[in-house]
Amino acid sequence: MPDTTDDIAEGISFQAFEDDCRLLGSLLHDVLLRELGPRFIDILERNRILAQSAVSMRAAGMEDTAVVVERQLEAELAAMSLEDALCLARAFSHYLNLVGIAETHHRVRQSREVEHLSKSCDDIFDKLIQSGVPPEELYDTVCKQEVEIVLTAHPTQINRRTLQYKHLRIAHLLEFNERPDLSHEDKEMLIEDLVREITAIWQTDELRRHKPTPVDEARAGLHIVEQSLWKAVPHYLRRVSNALKKHTGSPLPLTCTPIKFGSWMGGDRDGNPNVTAKVTRDVSLLSRWMAIDLYIRELDSLSFELSVKRCSDKLASLANDILLKESASEELKANNWDQTVPQKITKLHHSSALPAQLPSGADLPSCTECSDGESQFRIINLPRNSSSRQMGINLTDKFEDSPLSSPTGRQSVVAASPMGRTPSGGQLRKLFKESHIGRSSSFRKLLEPSLSDKPGITPYRVVLGNMKEKLMKTRRRLELLLEDLPCDYDTEEYCETADQLLEPLLLCYQSLQSCGSSVLADGRLADLIRRVATFGMVLMKLDVRQESGRHTETLDAVTTYLDLGVYSEWDEEKKLDFLTRELKGKRPLVPPNIEVSADVKEVLDTFRVAAELGSDSLGAYVISMASNASDVLAVELLQKDARLTVSGDLGRPCPGGTLRVVPLFETVKDLREAGSAIRKLLSIDWYREHIIKNHNGHQEVMVGYSDSGKDAGRFTAAWELYKAQEDVVAACTEFGIKVTLFHGRGGSIGRGGGPTYLAIQSQPPGSVMGTLRSTEQGEMVQAKFGLPQTAVRQLEVYTTAVLLATLRPPHPPRDPNWRRVMEEISRVSCAHYRRTVYEDPEFITYFQEATPQAELGHLNIGSRPAKRKPAGGISSLRAIPWVFAWTQTRLVLPRGWAWARASRTRWTAAMAPS
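These figures come from a predicted structure and were not determined experimentally.

## Structural notes on the UniProt feature "active site" (unreviewed entry) in the protein chain
- In the numbering used here, UniProt assigns the "active site" (unreviewed entry) feature to His154 and Lys710.
- For Lys710, the location among the structural elements is in helix α26 (residues 706-712).

Structural data, given as structure tokens:
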């Protein structure tokens, strides 16, 4: 669930929440009665009453009576048929889901009713100003803040996506139910809608019958953007801007966004053979396709809004240039028609008659169809009589059936056109010139004012229409790339970068501002500009993650092929000498005709795809299980080699820049040596200069919460993470390099989960200096960002927590003895944990028999296997099934606080005499 530390006004009544729970529970009861009959309802009620009675009796101290009731409940369950037991479990499960929906809705309701919301931008900005932070410093810090939330496809989301959407619809119905203007008939219709949704939920299979593919997982992430974040981001940025203006006097700049988004869905190949180079390429293209599709929809809506004609000279000039260019293009097509009819037909059908959906086989979200159910693409109508010069090819004007056209003007044109079709601009001018009146130049001047003054054509719509056409061509090009079909590459015809899209939008904004229409500029147009600044042309940049051992295996194959020896057998210094020497060279290392194993080829193909996509589409290259400086340089070398090869094949530089390489320290041993590895890395001149030149003097380091917790227990992992961050920050500071810490947190406590606000506030001093990256995994993505209202709240919490950690960081431990106590508790806790989990030979048997670990591996909840390697015990098991298995038994061993309590007890006993 979202952070419960928001502490929204304790005095607010829970009556509305209880009413929602009773309503949903009553409707579920009615659905079950209709679906299963009164016999099952009797079973359900009898077991519910027994369970509630046992809990109440234990709470009242009536232990003996509670035991009797529990035994009766056990007998009831034991005598139940398998079919009844399954229905009973499903009924309680769905009821809990409905209560969860009501709780989330209640949180949204509370946030609306509270006048001063805690941890909001307005609240924290006010407290910082009151504490003595200068308004200029506050404004500058917020504008420079760089937070990136990375959505991952970790298999902790059990609910199918179809059920998630039904839950969202119920949440929307609960919200609608609160409207005070609902009539009795409206209420009845709303209840009927709720019954339909609950009935559909009951009749839907809860289990996925097939494993999701990485593309399916990526599609789910894109749906989160479309259904929630796309709406939430402008609202969130307005809150930040309004709070800044209130407390500092200046609003947030339009193109400034404190939070952006990344993704691992389709890029995380660590232990997942299903994520291939082709999958990464396709997911990246799909993300671009979705971004462009969303922008096209927004441009349509914006064009309807900007129907005004008053504009700046600069915008009028641009609109005139666009219309003149299109007129000249249409004249050229008309003049060349007779000579090139067959070729033109083929070319125009290919470029203009585009399908309304993606080609078959491209695994795209289902919600990207045209909103009005009709094609938005131009249709070519071939003439019936090609010999008639007045009936050349009839291209439906791009402004027709859109806000870029004039209904009056279109009707008059159709009336004068043969067969009622709309002639092109060139044909109209030709007809006019051949008329008697048209021969009079003075009269023509009166009839032909400047293009921007023509009735029905507004300059804003001309500019936005031109941008929409470029986006549609870009979308079509992406479709061809997804189908592996050839397509041309003309940068002038496509919109490839966010700057290309921002330029005309900012020009429209400045024009409206200069003409006194700021109220229009700050509406839908400002929201679109902020979306472009946040999501760019890819929505979420895709990280690539691979295990360090796979890179070592690849370099082994290369060095062996070149008779240089076996790379993995070299010591660290020899590896660094070799890697640095090759990085300084200008030739590729990997021969183009090298024969390697399938695993090595996949690694090389991944680097090639990364070179083709570049930093415009991809984010970071994360090295899991990193331990040494050579792990980072190995990736830098393979990346450089691929970019040289791809650049040579393309005959032009690779798009974007090199990916930033991020070592991920996961185990306790690697965390303890993280600072030393970073110092060694930054001491290499080539690497330090590379960081300064290509990454603005910024080093990113990731720390893992899941594997460290499984490795040593929760307490020791938390303490080692704290110390590792301190050491990494100190190492970067020594070399004058800025550092961004990337936190690989899960949803559960055993995987580093917990309230976001408190987690950020508890980081070591100096580790959060306006920058932060953090993962949001599995079920937490839907819980925190599934609804726009909750997403806005979460984005504010991230912003204010990072701001406080930057301007008012926590103090370091004041007493040196505190560290000594923590070290001792950590040592005893870790020893106790490892003695139980790793050293007891009977533990694995107990784990396998006491938990559903094996069964969880068969659930179709994720695309990756439960283990990194098929063989092996606890060490090879991933952290997610490890935590998941214990959660099902309610033992929750991975939390590890039992080990901390044991060590604390020993420490207290030892200190008692003093």
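## Some details on the nonpolar core
- If you look at the biggest cluster of nonpolar residues, it comprises 158 residues, and the most contacted ones within it are Tyr295, Leu471, Leu505 and Leu539.
- Leu24, Leu32, Ala91 and Leu168 belong to the second largest nonpolar core, which has 31 residues in total.

## Some thoughts on the packing of aromatic side chains
- Enumeration according to the criterion identifies 11 aromatic pairs in this entry.
- Pairing Phe843 with Tyr846 gives two aromatic rings, centres 6.4 Å apart and planes at 50°, and the pair type is tilted. Placement of both Phe843 and Tyr846 in helix α32 (residues 843-850) is noted, with a separation of 3 residues, approximately one turn of the helix.
- According to the relative accessible area criterion, Tyr846 is partly exposed, its value standing at 43%.
- Three or more aromatic residues joined by ring pairs make a cluster, and in this case those are Trp230, Phe261, Tyr295 and Phe535.
- When the ring centre of Trp202 is taken as origin, the NZ or CZ atom of Arg90, which lies over that ring, is 4.0 Å away.
- Over the ring of Tyr567 we find Lys575; its NZ or CZ atom is 5.2 Å from the centre of that ring.

## Notes on the pattern of salt bridges
- Within this structure, the stated rule accounts for 55 salt bridges.
- Notably, a salt bridge pairs Glu148 with Arg773, separated by 3.1 Å at the nearest N-O pair. Here the residue Glu148 occupies a position in strand β1 (residues 146-152), and Arg773 occupies one in strand β10 (residues 771-777), the gap between them amounting to 625 residues.
- By relative accessible area, which is 16% here, Glu148 ends up buried.
- The residue Arg297 makes a salt bridge to Asp293 at a minimum N-O spacing of 2.8 Å. Here Arg297 pairs with Asp293, and both are found in helix α10 (residues 277-305), just 4 residues apart, close to one helical turn.
- In the salt-bridge network here, residues are joined through shared partners; they are Glu148, Asp543, Arg660, Glu700 and Arg773.

## Some points on helix α30 (residues 788-807)
- Taking 1.5 Å as the rise per residue, α30 with 20 residues should run 28 Å; its terminal C-alpha atoms sit 29 Å apart, in good agreement.
- Of all 20 residues that make up α30, 19 are buried, and the element is covered over most of its length.

## Describing the confidence of the model for the protein chain
- The predicted model of the protein chain averages 82 in pLDDT, with 80% of residues at 70 or higher.
- Every residue in residues 4-12 scores below 50 in pLDDT, and together they form 19 contacts with partners more than four places removed in sequence or on other chains.

## Here we look at the environment of His29
- On the secondary structure map, His29 appears in helix α1 (residues 15-36).
- The class of His29 is partly exposed, set by a relative accessible area of 29%.
- Spatially, the C-alpha atom of His29 lies 9.7 Å from that of Leu44, the residues being 15 residues apart in sequence.
- The contact partners of His29, leaving out residues within four places of it in the chain, are Ile41 and Glu45.

## Observations regarding the state of the cysteines
- The tally for this structure, following the rule as stated, stands at 0 disulfides.
- Here Cys256 is not disulfide-linked; the sulfur of Cys143 is the nearest cysteine sulfur, at 4.5 Å.

## Section: the sheet that holds β10
- The strand order around the closed barrel built from 8 strands is β1-β2-β5-β6-β7-β8-β9-β10, with neighbouring strands paired in parallel fashion. In this sheet, neighbouring strand axes are inclined to one another by 25° on average, regardless of whether the strands run parallel or antiparallel.
- Pairing of strand β6 (residues 618-624) with strand β7 (residues 660-665) involves 4 bridges; the strand directions are parallel. Bridge pairing in β7 places Ala620 opposite Arg660.
- Against the sheet, helix α19 (residues 548-561) engages β5 (541-547) and β6, with an angle of about 70° to β5.

## Considerations on the pairing of strand β9 (residues 738-744)
- Most of β9 sits out of view: 6 of its 7 residues are buried.
- Relative to β9, strand β8 (residues 698-704) runs parallel, the two being bridged by 7 bridges. Bridging from a neighbouring strand, Gly704 pairs with Gly744 of β9.
- Note: β9 against β10, 2 bridges, orientation parallel.

Parameters at a glance
- Each residue is numbered by its place in its chain's sequence as written, counting from 1.
- Only residues with pLDDT of 70 or above have their local features reported here, since the model is predicted, and side-chain atom pairs are shown and tallied only from 80 upward, although totals for entire chains, interfaces and linings are computed over all residues.
- The side-chain values count all of the structure's non-hydrogen atoms but skip hydrogen atoms and water molecules.
- UniProt positions are given in the numbering used here, feature names are shortened, and annotations may be inferred rather than shown by experiment.
- Secondary structure elements are defined from DSSP: runs of H or I of at least 4 residues count as helices, runs of E of at least 2 residues count as strands, and each element is numbered from the N terminus.
- Here, nonpolar core refers to any group of buried Ala, Val, Leu, Ile, Met, Phe, Trp, Tyr and Cys residues whose side-chain atoms link them within 4.5 Å.
- Relative accessibility thresholds used throughout: buried, under 20% of the residue-type maximum; exposed, over 50%; partly exposed, between the two (1.4 Å probe, protein chains only).
- Pairing of aromatic side chains here covers Phe, Tyr and the six-membered ring of Trp, requires ring centres within 6.5 Å, and sorts the geometry by plane angle: under 30 degrees stacked, over 60 edge-to-face, intermediate tilted.
- By definition, being over a ring means that NZ of Lys or CZ of Arg is both within 6 Å of the ring centre and within 35 degrees of the ring normal.
- The term salt bridge refers to a side-chain nitrogen of Lys or Arg lying within 4 Å of a carboxyl oxygen of Asp or Glu.
- Between the first and last residue of a helix there are one fewer steps than residues, each counted as 1.5 Å, and that sum is the expected span.
- Per residue, pLDDT captures the predictor's confidence, and it can take any value from 0 to 100.
- We call two residues in contact when some of their heavy atoms are within 4.5 Å.
- Any two cysteine sulfur atoms within 2.5 Å of one another count as a disulfide.
- A pair of strands is labelled paired if DSSP reports no fewer than 2 bridges between them.
- Axis lines are fitted through C-alpha atoms, for helices just across the contact stretch, and the angle between N-to-C directions can take any value from 0 to 180 degrees.

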